Amino acid sequence: MIKNLSFVTIIIVLFSGCMASNYNEMINDDSVKKKTFTINENYQSLYKRGVSKVEECHEQGLLTAAITSDSNIYSEIKEANITVYLMGGLGKQMHHAISFKGNQDNTTKLDVYSYFGDETVDILKKEITGECKVCFCKEN
């Protein structure tokens, strides 16, 4: 019994250390993939589309956990963010984060972060900007 408990403890420690557990930790993690884009669209409309696409495409229930999202908008400073994460028995493990910063010229600085590589970053950007109309850009 003690040997099995030690094995479980080791597994929990290994998996919980792989990904950040909150937004600030993720955006400061050097191992996360990040790209910055300037989009010729208001940050609020990008944010609204982003929330819809994240909910439609990236949230899902699992057997004992769920991949879910949080979103925040700060109109007074023209900023917003969306996070996608796994919430389960091992706690919260960040997957993706999207940051929106409105510029004076009605463009948006869009930062996209992901633990799943450059291709995922590009897909998230295309979903948010409307370049893709279907989830994961799997258009036929």
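We now turn to the structure provided with this report. (Residues numbered from 1 in each chain as written. Predicted model: local features only at pLDDT ≥ 70, side-chain atom pairs only at ≥ 80, totals over all residues. Heavy atoms only, no water.)

For the rest of this paragraph, the subject is the packing of helix α3 (residues 43-57) against helix α4 (residues 118-129). It is the contact of α3 with α4, at a shortest axis distance of 7 Å, that shows an interaxial angle of 120 degrees. The orientation of α3 with respect to α4, classified from their angle, is oblique. Crossing of α3 against α4: the hand is right-handed. Across from Leu46, Arg49, Gly50, Lys53 and Cys57 in α3, the residues of α4 making contact are Glu127, Ile128 and Thr129. Each residue belonging to the contact of α3 with α4 can be placed in one class, and the counts come to three nonpolar, two polar and three charged. (Axes fitted to C-alpha atoms, helices over the stretch in contact; angles between N-to-C directions. Helix = DSSP H or I, 4+ residues; strand = E, 2+ residues; numbered from the N terminus. Parallel < 35°, antiparallel > 145°, perpendicular 65-115°, else oblique. Left-handed = near helix turned anticlockwise from the far one by under 90°. Contact = heavy atoms within 4.5 Å. Nonpolar A, V, L, I, M, F, W, Y, C, P; charged D, E, K, R; others polar.)

Relative to the helices and strands, valine 121 resides in helix α4. Along the sequence, valine 121 and lysine 35 sit 86 residues apart, while their C-alpha atoms lie 7.1 Å from each other. Not counting chain neighbours up to four residues away, the residues in contact with valine 121 comprise Lys33, Lys35, Val112, Tyr113 and Ser114.

Hydrogen bonds between backbone groups are what pair the strands of a sheet, and the pairing can be parallel or antiparallel. Strand order across the open sheet formed by six strands is β1-β6-β5-β4-β3-β2, with antiparallel pairing between neighbours. Only two strands of the sheet have a single partner each, and these edge strands are β1 (33-39) and β2 (60-61). (Pairing = 2+ DSSP bridges.)

Applying the stated criterion across every chain yields a total of two disulfides. With its sulfur 2.1 Å from that of its partner, cysteine 57 forms a disulfide with cysteine 135. Because the torsion about its S-S bond is -80 degrees, the bridge between cysteine 57 and cysteine 135 counts as left-handed. Here the residue cysteine 57 occupies a position in helix α3, and cysteine 135 occupies one in the segment after α4, the gap between them amounting to 78 residues. Overall, cysteine 57 belongs to the buried group, its relative accessible area being 9%. The disulfide bridge from cysteine 132 ends at cysteine 137, spanning 1.9 Å between sulfur atoms. In this structure, the disulfide formed by cysteine 132 and cysteine 137 twists by about 100 degrees around the S-S bond and is classed as right-handed. By relative accessible area, cysteine 137 is classed as partly exposed at 22%. (Disulfide = S-S within 2.5 Å. Buried < 20%, exposed > 50% of the residue type's maximum accessible area, 1.4 Å probe, protein only.)

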